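Spelled out from the first residue to the last, the chains are:
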Amino acid sequence: MSEKRIEKYVSEDGIFVYRMENGAGEMIGYEGAAQRLLLPAYVSDCPVTAIGKKTFAGKRQLVKLCLPDTLEKIGDRAFAGCHRLKEITLPNRQLHLGRQLFGKCTALRELVYCAEEDMLAKQQSCLREQICRKIRVTLLRLTFSDCMEQTVRRVLLTFLQERMGDCREEIWNVIEDSGEEQFLYCDVLLETGMIGNKMIGEILEELGENHVELRAYLLRKWQSGRKASGFWEQLQL
């Protein structure tokens, strides 16, 4: 007889609660306020095969949800009362569906059934959306960081530094889509040392013709910073 246990998976999107039994997991709770969620397919190396009764019921902030391709069962009223839910992606396989799954989901417009390869592409798309959202929030918080604790600041800077190495194009896309704040976000990258003298040439070359205004602004700010630095060096002499 296998042991039943409760496990919690913590991410930046919230806390996911699972009931583990017979080498599989059933999601039974979610604590968080994310608008878009990509649910994990595995927890502790065990496939997530079920979403329990009322797991997401009443999560009014939820707009878009992508379910894992390991899923086999969804319990009664699992998404009931998600008034803002517009799109949910389901694996294109035989599923045991409970009653009134989408009761009072008045905004729901699209159920997407994906084959395994399509599901992977959909999950990757959701993951990119999550990364871009986190980049936007990080840049916004660093722009107004006067009262921020140093531990929080270090966490945000570490996340942004990792993205500068792995997802740099996403950073520029987020910045360019940020309207009037885009130049403030460029200042954050410069002032925090994310773009230093050794990297500026590489950055400008990467931006090329895709981000003309950002390229011009970064070049102007960097040149201005060099002139100011040279002036102070002359005074010290």
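Described in the following lines is the structure provided in the data block. Not measured: the values here are computed from a predicted model.

Scanning the protein chain for helices and strands turns up six helices and 11 strands. With respect to the three principal axes, the spread of C-alpha positions in the protein chain is 80 × 35 × 30 Å. In the protein chain, which comprises 237 residues, the share counted as buried stands at 43%. Contacts in the protein chain between residues far apart in sequence, at least 24 positions, make up 45% of those at least 6 positions apart. Element-wise, carbon and sulfur atoms account for 48% of the exposed surface of the protein chain, whose accessible area totals about 14,000 Å². Measuring between centres, the 34 positive side-chain charges of the protein chain sit 7 Å from its 35 negative side-chain charges.

So, about the layout of surface pockets. To locate leftover empty space, one rolls a probe as large as a water molecule over the atoms. Considered as a void within the structure, the largest pocket measures approximately 320 Å³ in volume. Residue lining of the largest pocket: 13 residues in total, with Glu12, Lys134, Val137, Thr138 and Leu156 positioned closest to the centre. Among the secondary structure elements, those contributing two or more residues to the lining of the largest pocket are α1 (116–143) and α2 (150–166). When residues of the lining of the largest pocket are assigned to their parent elements, the largest contribution, five residues, is made by α1. Residues belonging to the lining of the largest pocket are distributed by class as follows: seven nonpolar, one polar and five charged. The computed volume of the second largest pocket comes to approximately 180 Å³. It is α1 that contributes the most residues to the lining of the second largest pocket, four residues altogether. Here the lining of the second largest pocket is composed, by residue class, of six nonpolar, two polar and three charged.

Take the pairing of strand β9 (residues 87–91) next. Most of β9 is tucked away, with five of its five residues classed as buried. Across the two faces of β9 the burial is the same, with Glu87, Thr89 and Pro91 and Ile88 and Leu90 all buried. Sheet topology places strand β7 (residues 64–66) next to β9; three bridges connect them, and they run parallel. Of the residues in β9, the one forming a bridge with lysine 64 is glutamate 87. In the sheet, β9 pairs with strand β11 (residues 110–114) via five bridges, with the strands oriented parallel.

With the rule as written, the count across this model stands at eight salt bridges. We note a salt bridge from arginine 5 to glutamate 7, for which the minimum N-O separation is 2.8 Å. Judged by its relative accessible area of 17%, glutamate 7 falls in the buried class. Arginine 99 is paired through a salt bridge with aspartate 76; the nearest N and O atoms lie 3.3 Å apart. Separated by 23 residues along the polypeptide, arginine 99 in the loop between β10 (96–97) and β11 and aspartate 76 in the loop between β8 (73–74) and β9 bring together distant segments of the chain.

Taken together, four strands build an open sheet; the order of strands is β4-β7-β9-β11 and the sheet is parallel. Bordering the open sheet on either side are β4 (36–38) and β11, each of which pairs with just one other strand. On average, each strand axis in the sheet is tilted by 10° relative to the strand beside it, whichever way the strands run.

Before going further, it helps to examine the environment of cysteine 46. Here cysteine 46 shows up in strand β6 (residues 46–51). Measuring from C-alpha to C-alpha, the distance between cysteine 46 and glycine 23 comes to 5.7 Å, with 23 residues separating the pair along the chain. Ignoring sequence-local partners within four residues, the contact set of cysteine 46 consists of Met20, Gly23, Ala24 and Ala41.

In the Ramachandran plot, serine 44 falls in the positive-phi region, its phi being about 55° despite a non-glycine side chain. Its location among the elements puts serine 44 in the loop between β5 (42–43) and β6. A positive phi angle, close to 50°, is found at glutamine 100, a residue other than glycine. In this structure, glutamine 100 sits in the loop between β10 and β11.

This part takes up empty space enclosed by the protein. Evaluation of the coordinates by the stated rule reveals one cavity of 30 Å³ or more. Considering only enclosed or pocket space, the largest cavity measures out at about 40 Å³ in volume. Considering the residues around the largest cavity, the lining is formed by Arg36, Leu37, Leu38, Lys64, Cys126, Glu129 and Gln130. Contributions of two or more residues to the lining of the largest cavity are made by β4 and α1. Of the residues belonging to the lining of the largest cavity, the class tally is three nonpolar, one polar and three charged.

About the cut-offs
Residues numbered from 1 in each chain as written. Predicted model: local features only at pLDDT ≥ 70, side-chain atom pairs only at ≥ 80, totals over all residues. Heavy atoms only, no water. Helix = DSSP H or I, 4+ residues; strand = E, 2+ residues; numbered from the N terminus. Buried < 20%, exposed > 50% of the residue type's maximum accessible area, 1.4 Å probe, protein only. Contact = heavy atoms within 4.5 Å. Areas by Shrake-Rupley, 256 points an atom, 1.4 Å probe, with all protein chains shown as cover. Lys, Arg positive; Asp, Glu negative; His and termini not counted. Charge placed at Lys NZ, Arg CZ, Asp CG, Glu CD. 1 Å grid on protein atoms, 1.4 Å probe; cavity = no way out; pocket = protein on both sides within 12 Å on 5 of 7 lines; lining within 4 Å. Points joined across faces, edges and corners; volume = space filled by probe spheres on them. Nonpolar A, V, L, I, M, F, W, Y, C, P; charged D, E, K, R; others polar. Pairing = 2+ DSSP bridges. Salt bridge = Lys/Arg side-chain N within 4 Å of Asp/Glu carboxyl O. Axes fitted to C-alpha atoms, helices over the stretch in contact; angles between N-to-C directions.

Honestly, it's all geometry; don't read function into it.
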